[in-house]
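Per-entry structural report
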Amino acid sequence: MCVLAFTLMLFCVGNAQAKVAYVIVGGQSLSFSPPTIDIDAGDTVTFLNLGGLHNVVADDGAFRCARGCDNDGHGGSGAASSQLWLVSINFPNAGAVGYFCEVHGAPGVGMSGTINVLGAPPSPPLASAVPTAGTWFLALLGAAFIACAAPWLRRARSRGKNCPRD
Ligand SMILES: [Cu+2]
């Protein structure tokens, strides 16, 4: 029960901190869809090739991906591939990131797109009147602690009663 509660909390916190956005590659058209997306710093974009010989290359050369990414440490290759590949790229820093497909585009031309990485929103003050995700997390943490600690405390107390006193 406790493990379940903690897993659930970790899932919730993970969701609150980073999101995944999806961009469809190719398929019916030689394009990225949607071509422009806004994400928060730290979010991940998953590119999914639905058909055609494509890859995803940053305008500034920061990444070149298709079946994995060049130099990803896992033997991935950013060479354009017509397989149904899927690749996830994390964007930790704010700023606009342009990208294109080497086969059907160039920076800002043809099969290309832009990811607007927005700065992480400021943390809300703790004394906020409206419960925030953080407040709910603390409440859940407290509830889980009580739920987990109560049986242990009961056992510890009943053990104490059996101990001889000075
Ligand atoms: Cu392409």
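The structure under discussion appears in the preceding block.
Residues numbered from 1 in each chain as written. Predicted model: local features only at pLDDT ≥ 70, side-chain atom pairs only at ≥ 80, totals over all residues. Heavy atoms only, no water.

Note on the copper ion: its protein donors are His-54 (ND1), Cys-101 (SG), His-104 (ND1) and Met-111 (SD). The metal-donor distances range over 2.0 to 2.7 Å. Mapping the donors of the copper ion onto the primary sequence gives the spacing H-x46-C-x2-H-x6-M. With His-54 in the loop between strand S4 (44-49) and strand S5 (56-58) and His-104 in strand S9 (residues 95-106), this pair connects stretches of sequence that are 50 residues apart. Residue His-104 is classed as partly exposed on the basis of its relative accessible area of 27%. (Donors = N, O, S within 2.8 Å, 3.2 Å for Na, K, Ca; no water. Helix = DSSP H or I, 4+ residues; strand = E, 2+ residues; numbered from the N terminus. Buried < 20%, exposed > 50% of the residue type's maximum accessible area, 1.4 Å probe, protein only.)

Quick look at the sheet that holds strand S2 (residues 32-33) now. With mixed pairing, 4 strands are arranged side by side in an open sheet as S2-S1-S4-S8. Of all the strands in the sheet, just S2 and strand S8 (86-90) have a single pairing partner and so form its edges. The sheet contact formed by strand S1 (residues 20-25) and S4 spans 6 bridges and is parallel. Paired with Val-23 across the strands is Phe-47, a residue of S4. (Pairing = 2+ DSSP bridges.)

Oppositely charged side chains are able to pair whenever their charged atoms sit close together. By the definition in use, this model includes 4 salt bridges. Close ionic contact of Lys-19 with Asp-40 constitutes a salt bridge, the shortest N to O distance being 2.9 Å. With a gap of 21 residues between them, Lys-19 in the loop between helix H1 (2-17) and S1 and Asp-40 in strand S3 (residues 36-40) connect regions that are remote in the sequence. Here Lys-19 falls in the partly exposed class, since its relative accessible area comes to 42%. We classify Asp-40 as partly exposed; its relative accessible area is 22%. As a salt-bridge pair, Asp-43 and Lys-19 come within 3.4 Å of each other at their nearest N and O atoms. Taken as a pair, Asp-43 in the loop between S3 and S4 and Lys-19 in the loop between H1 and S1 lie far apart in primary sequence, 24 residues in all. Here the salt bridges do not stand alone but share partners, grouping Lys-19, Asp-40 and Asp-43 into one network. (Salt bridge = Lys/Arg side-chain N within 4 Å of Asp/Glu carboxyl O.)

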